[in-house]
Structures are given as structure tokens and as C-alpha cells.
Amino acid sequence: MTRYFMRDTPLCQMEQQMMTPPYFKPRGHGRYYPGFQYSRDDMECPYCMNFRRNHPCPLEQCVCLDERIVAGAIDLNEFVRDCFFPEAGVQLQARLERSFNGCSIGFFLRDSHRERWQHWRARCYRMSGRNLAALFLLTAYEDIWRRMIWKFDARGFDFQSVQLSGIQPELYSVYQAAKAISTGSHNITLADLASPELVTDEAFHLIVCALLLAKYGDAILNFEGK
């Protein structure tokens, strides 16, 4: 029996194409393109299948968010404004502008932070978006992570059993922000974020990145380095 049922028929080539594994790279002949890069013009809303002229977009979140960020068709400031304005007061608005205007964005504190978050994110892939954002904060500092590493699973975190005695004061706001994002509590408020005395600049940057991650998902990480 031959491999192809349609051998020596006009449908032979179609059958071969249908039996080819997805993303198969041809060997020995043909030309392979690793991926298509969209331009800014390609990402205009009228090209979207959900676009209806003179009607607002029916989606809560754009289905092309990753592509629009990579193509440079959307700016990080738009996400910051959508996430915090107009509830943010004048002091918080000024602090946000100082932190996110005119500089390349780095979401992770250092390489060890990135590696810890990516490792545990892959292991707890069923985590909700809010808990993944909390995990982003809790993996930022070794001191916090040592206290939390055996206190969570894919369902969430056991904040009640964590011992905070001896924790560095500047890390306390990061822990409380992670707890607030995960549980929906009010352990830290926008007024707290506006105060450099309560939240250091480094902690402020991490918390804002975590809030963006909680609202928009992994797509927001495409802004890193831009």
C-alpha cells in the first residue's frame, strides 16, 4: 500500500500538503521564513476582523496586542494611562511620568529575577493572571522569595503562614502589593504608591509593572527594552 491515497491523481499535492506537520521546515529545497514581521501600518484597526465603522471595539482586550506592541503601533504610556488614570492623583501622575517617559523599559530587576519568575511560571501554568503578577513581585527579591517558596501552588498563595519578621523595610511594600494583587485586598493604595517615603523608586517600578502584567498579561512584556 502506498503512503498517499491520492498518488498519481490531481489531488496528490493537496494531500501531501495536508499531511505535512505544522511549521515544518523543508529540507534540501524551498525557502524558509522564520516569521512574518508586521509593520505599524499593518496594525491599523480597520484591518481587524472585529472592526465595525462608527462602532466601538466589542472586545475588552485587543486580540492583536502582542503584534501591535512588537510592531511599535502602540505605546507603553497608553497602557499606563488606561491602568491608572484618571484615578491617579497629581503626585502619582508625576511619578509615573518620571519613571516611564523617555527611557527603555526593563520589567525584571535582574537576571535572577527573570529566571525565577519564568521557571515557576512554567511550573504553575494554571495560575490566574493576577497570581502570575503577584509571583512577578514575590520572585524579585531573594529575601521575600525564601519566605514564600513553599507557601504557594497553582491555586494561589498562603500569605497567612508567611513570617515577615526581619524583612527589610523597603521590601515590605513589594510584599503587600503582591498580596493586594493576588487577593484583591487594599494592603497598598494609589496614595501609597505616590509617596516615595513609603514606596522606594525601585519598588514603585516593580509594582507598576506587576499591575500592568495583571491587567494585560504577558503581552506587556514585549515592551521590554523599547
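Residues numbered from 1 in each chain as written. Predicted model: local features only at pLDDT ≥ 70, side-chain atom pairs only at ≥ 80, totals over all residues. Heavy atoms only, no water.

**Things to note about the overall build of the chain**
Point 1. In terms of regular secondary structure, the chain is built from ten helices and two strands.
Point 2. Burial analysis of the chain (226 residues in total) assigns 35% to the buried set.
Point 3. Here the chain displays about 15,000 Å² of accessible surface, and carbon together with sulfur accounts for 52% of that area. (Helix = DSSP H or I, 4+ residues; strand = E, 2+ residues; numbered from the N terminus. Buried < 20%, exposed > 50% of the residue type's maximum accessible area, 1.4 Å probe, protein only. Areas by Shrake-Rupley, 256 points an atom, 1.4 Å probe, with all protein chains shown as cover.)

**As for helix H6 (residues 129-138)**
Point 1. Burial analysis of H6 places eight of its ten residues in the buried class, the great majority of the element.
Point 2. Elements in contact with the buried residues of H6: helix H5 (111-123), helix H7 (142-148), strand S1 (152-153), strand S2 (156-157), helix H8 (169-183) and helix H10 (201-216). (Contact = heavy atoms within 4.5 Å.)

**Re the side chain of serine 173**
Point 1. Structurally, the position occupied by serine 173 is in helix H8.
Point 2. When sequence neighbours within four positions are dropped, the list of residues in contact with serine 173 reads Ile188, Leu198, Val199, Ala203 and Ile207.

**Remarks on the nonpolar core**
Point 1. In terms of nonpolar packing, the biggest core is built from 57 residues, with Phe107, Leu135, Phe136, Leu137, Leu138, Phe157 and Ile220 touching the most fellow members.
Point 2. No other element matches H10, which puts ten residues into this core.
Point 3. Dropping the residues within four chain positions of it, leucine 135 is found in contact with Trp117, Trp120, Arg121, Met127, Trp145, Phe152 and Phe157. (Core = buried A, V, L, I, M, F, W, Y, C linked by side-chain atoms within 4.5 Å.)

**Digging into the packing of aromatic side chains**
Point 1. Throughout the structure, instances matching the rule amount to eleven aromatic pairs.
Point 2. Measuring from centroid to centroid gives 5.3 Å for phenylalanine 79 and phenylalanine 223, while their planes differ by 75 degrees, and the two rings are edge-to-face. You can see phenylalanine 79 sitting in helix H3 (residues 76-84) and its partner phenylalanine 223 sitting in the segment after H10, a full 144 residues away along the chain. A single burial state applies to phenylalanine 79 and to phenylalanine 223, both of which are buried.
Point 3. The ring of phenylalanine 204 carries the charged tip of arginine 95 above its face, separated from the ring centre by 4.4 Å. (Phe/Tyr/Trp six-rings, centres within 6.5 Å; stacked < 30°, edge-to-face > 60°. Lys NZ or Arg CZ within 6 Å of the ring centre and 35° of its normal.)

**Considerations on the pattern of salt bridges**
Point 1. Overall, the coordinates contain eight salt bridges when judged by the stated rule.
Point 2. A salt bridge links glutamate 142 to arginine 116, with the shortest nitrogen-to-oxygen separation between them at 3.0 Å. One end of the pair, glutamate 142, is in helix H7; the other, arginine 116, is in helix H5, and 26 residues separate them in sequence.
Point 3. Since its relative accessible area comes to 42%, glutamate 142 is described here as partly exposed.
Point 4. Aspartate 143 is the partner of arginine 147 in a salt bridge, and the nearest nitrogen-oxygen pair spans 3.3 Å. Linking arginine 147 with aspartate 143, this pair stays in helix H7, spanning four residues, or about one helical turn.
Point 5. Relative accessible area serves as the criterion here: at 10%, aspartate 143 is assigned to the buried category. (Salt bridge = Lys/Arg side-chain N within 4 Å of Asp/Glu carboxyl O.)

**What about the side chain of serine 195?**
Point 1. As for its position among the elements, serine 195 is in the loop between helix H9 (190-194) and H10.
Point 2. Residue class for serine 195 comes out buried when judged on its relative accessible area of 13%.
Point 3. Apart from residues no more than four positions distant in its own chain, serine 195 is found in contact with Gln91 and Arg95.

**Quick look at the confidence of the model for the chain**
Note that predicted coordinates carrying low pLDDT should not be read in detail.
Point 1. For the chain, per-residue confidence averages 81 on the pLDDT scale, and 77% of positions sit at 70 or higher.
Point 2. When mean pLDDT is taken per element in the chain, H6 scores highest with 95 and helix H2 (residues 65-70) scores lowest with 69.
Point 3. For the stretch residues 29-33, pLDDT sits under 50, and the model shows one contact to residues farther than four places along the chain or on other chains. (pLDDT = per-residue confidence, 0-100.)

**What about the packing of H6 against H8?**
Point 1. In the contact formed by H6 and H8, the axes pass within 8 Å of each other and the chain directions differ by 170 degrees. Here H8 runs roughly antiparallel to H6, going by the angle between their axes. Here Arg130, Asn131, Ala133, Ala134, Leu137 and Leu138 of H6 lie close against H8, whose contacting residues are Val174, Tyr175, Ala177, Ala178, Ala180, Ile181 and Ser182.
Point 2. A breakdown of the residues in the contact of H6 with H8 according to their chemical character gives ten nonpolar, two polar and one charged. (Axes fitted to C-alpha atoms, helices over the stretch in contact; angles between N-to-C directions. Parallel < 35°, antiparallel > 145°, perpendicular 65-115°, else oblique. Nonpolar A, V, L, I, M, F, W, Y, C, P; charged D, E, K, R; others polar.)

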